[in-house]
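Breakdown of the fold
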Amino acid sequence: MPPSKRAKRTSTMDSLATTASASPAAAEPTSASSKLPYLPSKRRQVKIADDADLVLAKCRKLRDALRMKAMMKQSDSDDDGDDDDEWGGKKKKAKTTTTTTAADYITSAIKSNPDAIDSTKNFGAKTQQLSLAELKSNTTTMSADGKKKIVEVVEMNSTEVIEGIENVAVVVAHQVLAKQGFQLDIPSRAASNQIYVPELDRIVLGDKRGTRSFLNVKESRKAAITTRVLQLLHAVLQKRIHITKRDLFYTDVKLFVDQTDSDGVLDDVATMIGCTRSNLHVVASDKGLVVGRISFFEDGDFIDCTKMGVGGKAIPPYIDKIENIQSDAEFILLVEKEAAYMRMAEDRFYQKYPCIVITAKGQPDVASRMFLSRIASELQIPVLALVDSDPYGLKILSVYMSGSKNMSYDSASLTTPDIKWLGLRPSDLNRYDLPEQCRLKMTDNDIKTGKELLQESFIMKNPEWMKELQKMVKTKEKAEIQALSSFGFQYVTEEYLPRKLREGDWI
């Protein structure tokens, strides 16, 4: 660059620097944060919808009918006394170990009266079925105290569970000292011991039992795993701490080899002691979410689920630490998928139409099922379900309502009866003119699953559910909740759900 141009450029830059230093802005620090305090963005206020009374009118009628039914049931229970609670009513805490009576000798009734389950066999249902009337009419299955027997656990405190484990240890010690080896007496959780009782609307565990002998080559490893798990649980309970199932597995990887082995033994131990699995202080990782008009204390901390951020509150695995549940919600909205849940959480649907929104992100975990069962029971408000219009959406509903076979021994605290199917139903596809490109063709496996569901008791007892599922299998069409977004991203919260609620369109 020539000297004359270099000098001219330097002079121009010096002039700009002098002007900048003379301006008021140059005197301020470059970072405004050093002077101004951080101001969080204002929380978006969402008021109750203007048409809330009209939209929720039928939901309130459903709520009132539910509460009236509960009052009548409680009145009948009070008249009958505590001794007549064995068919699913609230029982006082039992201190016996191996079983808690809710109905006695169901399996014996099936053996002595095979005709009682003929109707189930004709439909090819996977789970045995026996009504309470059939059980009560069969006097040959009565025990000495006049009750009928199934394996059903109750809530126990840590001290009672520790005593139960120690009682098992004493029996094992006596057997070893007698040079007999040892064997454990465990209720059978096999499929043949799972029984669906229509009046209870849930799967229960029969009274078949099995042994696990250390001297039997085929059973010795499982017996060793069981005693090791009992030892570990005893230590956890004494320390008054909780651990995850994964933690338990890693305490003895060489023995357990696979986590499914230690997980299965946990359920065996719960049935042996007579307590719920959560009473063993072994929990699964957080999965479920809740947001909306509900508050409670969790281990002494106050939780308001309207002020837990957009995503809401993770459902804690320690349901026993939740106390003082309060809510002004009109209903509980049970959502299958997290994506649909987040839409409702972000739009604050629960403020427009007071409700509680829950999701377990697909197949429900134990904590989510227990939390839903508890709040539905305590608040006495209806539960409306929003699931995909496919066979798996209904299977998920069946777990919430009737329980799973793996946890049938604890079905009383894990099931929520009379959940209403709000959507997305097969009939909605045409009713709401869902575009063809948003409808999915069912696979052969989908169709097979749908036909199997048509044979299940929890579907057969509801003619309207049968009609919807038959329509699904016939048209061979399915759809996801998100398909409604083809009408607009907020169509579900602004149009679909309000219309469903206003019309009382649930089954």
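Anyway, here's the lowdown on the structure attached to this text.

Thresholds applied
- Residues numbered from 1 in each chain as written.
- Predicted model: local features only at pLDDT ≥ 70, side-chain atom pairs only at ≥ 80, totals over all residues.
- Heavy atoms only, no water.
- Helix = DSSP H or I, 4+ residues; strand = E, 2+ residues; numbered from the N terminus.
- Contact = heavy atoms within 4.5 Å.
- Areas by Shrake-Rupley, 256 points an atom, 1.4 Å probe, with all protein chains shown as cover.
- Pairing = 2+ DSSP bridges.
- Axes fitted to C-alpha atoms, helices over the stretch in contact; angles between N-to-C directions.
- Core = buried A, V, L, I, M, F, W, Y, C linked by side-chain atoms within 4.5 Å.
- Buried < 20%, exposed > 50% of the residue type's maximum accessible area, 1.4 Å probe, protein only.
- Expected span 1.5 Å × (residues − 1).
- Salt bridge = Lys/Arg side-chain N within 4 Å of Asp/Glu carboxyl O.

**Brief notes about the overall build of the chain**
Secondary structure assignment for the chain yields 21 helices and 18 strands. Of all intrachain contacts in the chain linking residues separated by at least 6 positions in sequence, the fraction that spans at least 24 positions is 78%. Of the accessible surface of the chain, which amounts to about 25400 Å², a share of 53% is contributed by carbon and sulfur atoms.

**Describing the sheet that holds strand 8 (residues 289-292)**
With mixed pairing, 6 strands are arranged side by side in an open sheet as 11-8-14-13-15-16. Edge positions in the open sheet fall to strand 11 (313-314) and strand 16 (420-423), since each of these has one partner strand only. Examined bridge by bridge, strand 15 (residues 383-386) and strand 16 share 3 bridges and lie parallel to one another. Bridging across to strand 16, Leu386 finds its partner in Gly423.

**A word on the sheet that holds strand 9 (residues 295-298)**
Taken together, 3 strands build an open sheet; the order of strands is 10-9-12 and the sheet is antiparallel. The outermost strands of the open sheet, each flanked by one partner alone, are strand 10 (301-304) and strand 12 (322-326). When the angles between neighbouring strand axes are averaged without regard to direction, this sheet yields 20°. Where strand 9 meets strand 10, 4 bridges bridge the pair, whose relative direction is antiparallel. Bridge pairing in strand 10 places Ser295 opposite Asp304. Sitting on the sheet, helix 14 (residues 366-379) touches strand 9 and strand 12, and the angle it makes with strand 12 is about 45°.

**Some points on the nonpolar core**
Grouped together as the largest cluster of nonpolar side chains are 84 residues, with contacts concentrated most on Ile294, Ile358 and Phe371. If sequence neighbours within four positions are ignored, Ile294 has contacts with Ile303, Asp304, Cys305, Ile325, Gln326, Ser327, Ile356, Phe371, Ile375 and Leu379. Of all hydrophobic cores here, the second largest spans 38 residues; its members include Val55, Met344, Tyr350 and Tyr491.

**Thoughts on helix 11 (residues 259-273)**
The first and last C-alpha atoms of helix 11 sit 21 Å apart over 15 residues, in line with the 21 Å expected at 1.5 Å per residue. Along helix 11, 12 of the 15 residues are buried, which leaves the element largely enclosed by surrounding structure. For helix 11, the set of buried residues is Gln259, Ser262, Asp263, Val265, Leu266, Asp267, Asp268, Val269, Ala270, Thr271, Met272 and Ile273.

**Observations regarding the pattern of salt bridges**
Applying the stated criterion across every chain yields a total of 31 salt bridges. A salt bridge links Arg499 to Glu503; its shortest N-O distance comes to 3.2 Å. Of this pair, Arg499 and Glu503 both sit in helix 21 (residues 491-503), 4 residues apart, which is roughly one turn of that helix. Residue Arg499 is classed as partly exposed on the basis of its relative accessible area, which comes to 27%. With a closest N to O distance of 3.0 Å, Asp505 and Lys500 form a salt bridge.

**What about the environment of Lys352?**
As for its placement among the helices and strands, Lys352 is situated in helix 13 (residues 349-352). Along the backbone, Lys352 and Asp50 are 302 residues apart, and their C-alpha atoms lie at a distance of 8.4 Å. Here Lys352 is in contact with Val46, Lys47, Ile48, Ala49, Ala52, Asp347 and Glu494, once residues within four sequence places are set aside.

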